[in-house]
Amino acid sequence: MTQDTELMLKGYGLTTAEMTYHMPDFPHVLNTFVWQDYDLAPDHDRLLTFIDFWRAELDGPLHSVRFVHRKMISPGEWRHVTGEFTYH
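Conventions adopted
- Residues numbered from 1 in each chain as written.
- Predicted model: local features only at pLDDT ≥ 70, side-chain atom pairs only at ≥ 80, totals over all residues.
- Heavy atoms only, no water.
- Helix = DSSP H or I, 4+ residues; strand = E, 2+ residues; numbered from the N terminus.
- Buried < 20%, exposed > 50% of the residue type's maximum accessible area, 1.4 Å probe, protein only.
- Contact = heavy atoms within 4.5 Å.
- Areas by Shrake-Rupley, 256 points an atom, 1.4 Å probe, with all protein chains shown as cover.
- Phe/Tyr/Trp six-rings, centres within 6.5 Å; stacked < 30°, edge-to-face > 60°.
- Core = buried A, V, L, I, M, F, W, Y, C linked by side-chain atoms within 4.5 Å.
- Salt bridge = Lys/Arg side-chain N within 4 Å of Asp/Glu carboxyl O.
- Expected span 1.5 Å × (residues − 1).
- Arc of directions from axis to C-beta.

Visitor: Summarise the overall build of the chain; cite the residues concerned and give the values.
Guide: Broken down by element type, the chain carries 2 helices and 3 strands. Ordered by position from N to C terminus, the α and β elements of the chain give α-β-β-α-β. Going through the 88 residues of the chain one by one, you find that 24% of them count as buried. Restricting to contacts in the chain with at least 6 residues of sequence separation, those with at least 24 account for 59%. Of the roughly 7000 Å² that the chain leaves accessible, carbon and sulfur atoms contribute 54%.

Visitor: Before we move on, can you summarise the packing of aromatic side chains with the specific residues and values?
Guide: For the structure on display, the rule yields 6 aromatic pairs. Measuring from ring centre to ring centre gives 5.7 Å for Phe 33 and Trp 54, while their planes differ by 55°; the resulting arrangement is tilted. On the criterion of sequence distance, the pair formed by Phe 33 in strand E2 (residues 30-39) and Trp 54 in helix H2 (residues 45-57) is long-range, its members being 21 residues apart. Look at Phe 33 and you get partly exposed, because its relative accessible area is 34%. Trp 54 gets classed as buried once you look at its relative accessible area, which sits at 5%. Taken together through their ring pairs, the aromatic side chains of Tyr 21, Phe 33, Trp 35, Phe 50, Phe 53 and Trp 54 make up a single cluster.

Visitor: Run through the nonpolar core, naming residues and quoting values.
Guide: Of all hydrophobic cores here, the largest spans 8 residues; its members are Ala 17, Met 19, Tyr 21, Trp 35, Leu 47, Phe 50, Ile 51 and Trp 54. Ranked by the residues each element gives to this core, the list is headed by H2, at 4 residues. With sequence-adjacent residues up to four places away left out, Met 19 is seen in contact with Asn 31, Thr 32, Phe 33, Trp 35, Leu 47, Phe 50, Ile 51, Leu 62, Ser 64 and Val 65.

Visitor: Describe the side chain of His 44, listing the residues and the values that go with them.
Guide: Position of His 44 among the secondary structure elements: in the loop between E2 and H2. The contact partners of His 44, leaving out residues within four places of it in the chain, are Thr 15, Asp 39, Phe 67 and His 69.

Visitor: Quick rundown of the pattern of salt bridges? Include the residues and the values.
Guide: Two side chains with opposite charge may pair up if their charged atoms get near one another. For the coordinates displayed, the defined rule picks out 2 salt bridges. Two residues, Arg 46 and Asp 37, come together in a salt bridge whose shortest N-O distance is 3.5 Å. For Asp 37, a relative accessible area of 27% corresponds to the partly exposed category.

Visitor: Got a sec to walk through H2? Specific residues and values, please.
Guide: The end-to-end C-alpha distance of H2, which contains 13 residues, comes to 18 Å, matching closely the 18 Å that a straight helix rising 1.5 Å per residue would cover. Those residues of H2 that fall on the buried side of the exposure criterion are Leu 47, Phe 50, Ile 51 and Trp 54. The buried side chains of H2 occupy one side of the element, clustering within an arc of 100° when seen end-on. Exposed and facing more than 90 degrees away from the buried side of H2 are Thr 49, Ala 56 and Glu 57. Where H2 is buried, its residues contact strand E1 (13-22), E2 and strand E3 (62-70).

Right, dumping it as structure tokens:
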């Protein structure tokens with residue numbers, strides 16, 4: 001099983017965030033950056049950690065952040081099936 005599948009089985013979903021920020025050399029100009037990672041709703045610890053990193057380490061101040069979260073599968077939807085079907 002891949003690491004992504006294991007995360008999804010543990011309840012993680014794909015979080016996509018669009019960061020709109022001011023360009024460091026031209027503060028009146030806005031630019032966007034898209035970030036994606038598997039995260040747990042409703043806390044979104046990984047997203048908040050990335051936003052903290054942005055504020056501490058990057059020069060372009062954030063204007064706004066929009067994000068969506070989507071669970072791809074949940075533990076109850078995944079099952080191991082053994083068998084073979086023959087279709088004529």
